Amino acid sequence: MKKSFLILLVMSVFSVLHAENDSVYKARIQQKIAELEFDGLLSLWITDCDTGKPVQEATVDISNVGAFKTDNNGIASFPALADGIYDFAIIHDEYVPTTEKFEVFGESIFFYKYSVPKKVDYKCIKIILDWGKTPKDLDAHLIKENSYHISFRDKRKSDDKTVWLDKDDMDSFGPETITITELDTNSTYKYFVFNWTNRNDSNSLSLSKSGAKVRIYADNKFLQTFKISSQKQGIKWDVFNIEQGKFIPVNEIE
């Protein structure tokens, strides 16, 4: 009994320290990006979708601007740009190539966080959630009708071990990632994001202001991005359904 208690205590302390370290790491990144911006540079922050760790030595190729490498923190910095929307690609030998967009407004990039998956030698789907500094805790949910509900609080891995939650993030930015290794084309899946931070305020605008993006990858290919709508009240974002193996956009906040 005492031995079991000690094991649980050690595990709890480790979890707390890990959360603190993750929080400190993100605070340090924010400070670094703020310092770079003060020096007249803009930045994008690239992380691994399964671990949240920085992707180092990745190339961030911005259309009509230039190519820039990420540093040890996963940060790619470049000279300030005029306000507007810019296309860019994330390229790394170990990661799936990704094409995305970022917006410069008021000489700043407010949503600068992008998480990408490693290349793998098996078939799988990756559903990746990133967002901004607030709210602190958004949660990814995947429901297979009449079967299971994958999330941090329901079931982190399906009984048949074909679907699981890779990472639950509680300290802003994400990533929060779900992996599917076997898709039942005869079933319907529903994917949504829940604002755990403001869960008791159904009129909150915090979720819609989060800058949340959900990216889908399948079999080492980037498929598409869903971007949350702004200025809408609600704490649940119904992002998409999967029907007969196809992704069906929903994009509603309630």
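Criteria and cut-off values
- Along every chain, residues carry numbers that run from 1 in the direction the sequence is written.
- Since the coordinates come from a predicted model, pLDDT governs what is reported: local features require at least 70, and pairs of side-chain atoms require 80 or more to be given and counted, while whole-chain, interface and lining totals use all residues.
- Excluded from the side-chain calculation are hydrogens and water; included are all heavy atoms of the structure.
- In DSSP terms, a helix is any run of H or I states spanning at least four residues, a strand is any run of E spanning at least two, and both are numbered starting from the N terminus.
- Accessibility here uses a 1.4 Å probe with only protein chains present; expressed as a share of the type maximum, an area under 20% marks a residue as buried, one over 50% as exposed, and anything in between as partly exposed.
- Side-chain atoms alone can form a polar contact between residues adjacent in sequence; in general such a contact is a pair of N or O atoms within 3.5 Å, and within protein one must be able to donate a hydrogen while the other accepts it.
- Should DSSP find at least two bridges between two strands, the strands are taken to pair.
- Note on terminology: a nonpolar core comprises buried Ala, Val, Leu, Ile, Met, Phe, Trp, Tyr and Cys residues joined through side-chain atoms within 4.5 Å.
- Any two residues whose heavy atoms approach within 4.5 Å are treated as being in contact.
- The rule for a salt bridge is simple: a side-chain nitrogen of Lys or Arg has to be within 4 Å of a carboxyl oxygen of Asp or Glu.
- Nonpolar side chains (Val, Leu, Ile, Met, Phe, Trp, Tyr) are joined into patches within 5 Å and like charges within 9 Å, using only residues with over 30% relative accessible area and no salt bridge.
- Note that accessible areas follow from Shrake-Rupley with a 1.4 Å probe, and for residues the cover is restricted to the protein chains shown.
- In summary, the charge assignment counts Lys and Arg as positive and Asp and Glu as negative, without counting His or the chain termini.
- In plain terms, the charge of a residue is placed at NZ if it is Lys, CZ if Arg, CG if Asp and CD if Glu.
- Axis definition: a line fitted to C-alpha atoms, limited for helices to the stretch in contact. Angles are taken between N-to-C directions and run from 0 to 180 degrees.
- Centres within 6.5 Å are what make two rings of Phe, Tyr or Trp a pair, Trp counting through its six-membered ring; a difference in plane orientation under 30 degrees is then read as stacked, over 60 as edge-to-face, and the rest as tilted.
- For a Lys NZ or an Arg CZ to count as sitting over a ring, it must be within 6 Å of the ring centre and within 35 degrees of the ring normal.

Draft legend 1. Region of interest: the side chain of Lys-126. Topologically, Lys-126 is positioned in strand β8 (residues 125-130). Note on Lys-126: relative accessible area 5%, which makes it buried. Only 3.5 Å separates the side chain of Lys-126 from the side chain of Asp-166, close enough to count as a polar contact. A polar contact is formed between the side chain of Lys-126 and the side chain of Thr-179, at a distance of 2.6 Å.

Draft legend 2. Structural context of the sheet that holds strand β10 (residues 149-150). Within the open sheet, the five strands sit side by side as β10-β9-β13-β16-β17. Their pairing is antiparallel. The strands lining the two open edges of the sheet, one partner per strand, are β10 and β17 (246-253).

Draft legend 3. Fine view of the nonpolar core. Counting residues in each nonpolar core, the largest one holds 32 residues, and the members touching the most others are Leu-44, Phe-78 and Phe-102. Put simply, the parts of the chain that give this core at least two residues each are α1 (2-38), β1 (41-48), β2 (59-62), β4 (75-79), β5 (84-91), β6 (98-104) and β7 (113-116). With near-sequence residues (within four places) excluded, Leu-44 lies in contact with Val-60, Gly-74, Ile-75, Ala-76, Phe-78, Phe-88, Phe-102, Ile-109, Tyr-112 and Tyr-114. One finds Ile-125, Trp-131, Leu-142 and Ile-180 within the second-largest nonpolar core, a separate group that totals 29 residues.

Draft legend 4. A look at the pattern of salt bridges. Applying the stated criterion across every chain, the model contains 16 salt bridges. Notably, a salt bridge pairs Asp-169 with Lys-26, separated by 2.4 Å at the nearest N-O pair. In this pair, Asp-169 sits in the loop between β11 (163-167) and β12 (176-180) while Lys-26 sits in helix α1, placing the two residues 143 residues apart along the sequence. The residues Asp-169 and Lys-26 share a single accessibility class, namely buried.

Draft legend 5. Examining a negative patch on the surface more closely. Taken together, the side chains of Glu-37, Asp-83, Glu-103 and Glu-107 make up a negatively charged region of the molecular surface. Along the chain, Glu-103 turns up in strand β6. A residue is classified by how much of its surface remains accessible, and Glu-103, at 42% relative accessible area, is partly exposed.

Draft legend 6. Representation of the sheet that holds strand β14 (residues 213-218) within the structure. The antiparallel open sheet is built from five strands, whose spatial order is β11-β12-β8-β14-β15. Looking at which strands have only one partner, the edges of the open sheet turn out to be β11 and β15 (221-227). Within the sheet, the average angular offset between the axes of one strand and its neighbour, ignoring direction, is 20°. Bridge count between β8 and β14: six bridges; the pairing is antiparallel. Each bridged residue has a counterpart across the sheet, and for Lys-126 the counterpart in β14 is Tyr-217.

Draft legend 7. Fine view of the side chain of Asn-73. Checked against the element boundaries, Asn-73 lands in the loop between β3 (66-69) and β4. Residue Asn-73 is classed as buried on the basis of its relative accessible area of 17%. What Asn-73 contacts, discounting residues up to four positions off in sequence, is Tyr-25, Arg-28, Ile-29, Trp-45 and Pro-54.

Draft legend 8. Looking closely at the packing of aromatic side chains. In the structure shown here, the tally under the stated rule is 13 aromatic pairs. Between Phe-78 and Phe-102, the ring centres sit 5.8 Å apart and the planes meet at 40°, which makes this aromatic pair tilted. Linking Phe-78 in strand β4 with Phe-102 in strand β6, this pair joins segments that are 24 residues apart in sequence. With respect to class, Phe-78 is no different from Phe-102; both count as buried. Aromatic pair Tyr-217 and Phe-222: ring centres 5.2 Å apart, planes at 55°, arrangement tilted. A relative accessible area of 2% means that Tyr-217 is categorised as buried. Put simply, the rings of Phe-68, Phe-78, Tyr-86, Phe-88, Phe-102 and Tyr-114 pair up and form one aromatic cluster. We note Lys-113 situated over the ring of Trp-45; from NZ or CZ to the ring centre the distance is 5.2 Å. Of note, Arg-199 hangs over the ring of Trp-196, and the distance from its end group to the ring centre comes to 4.1 Å.

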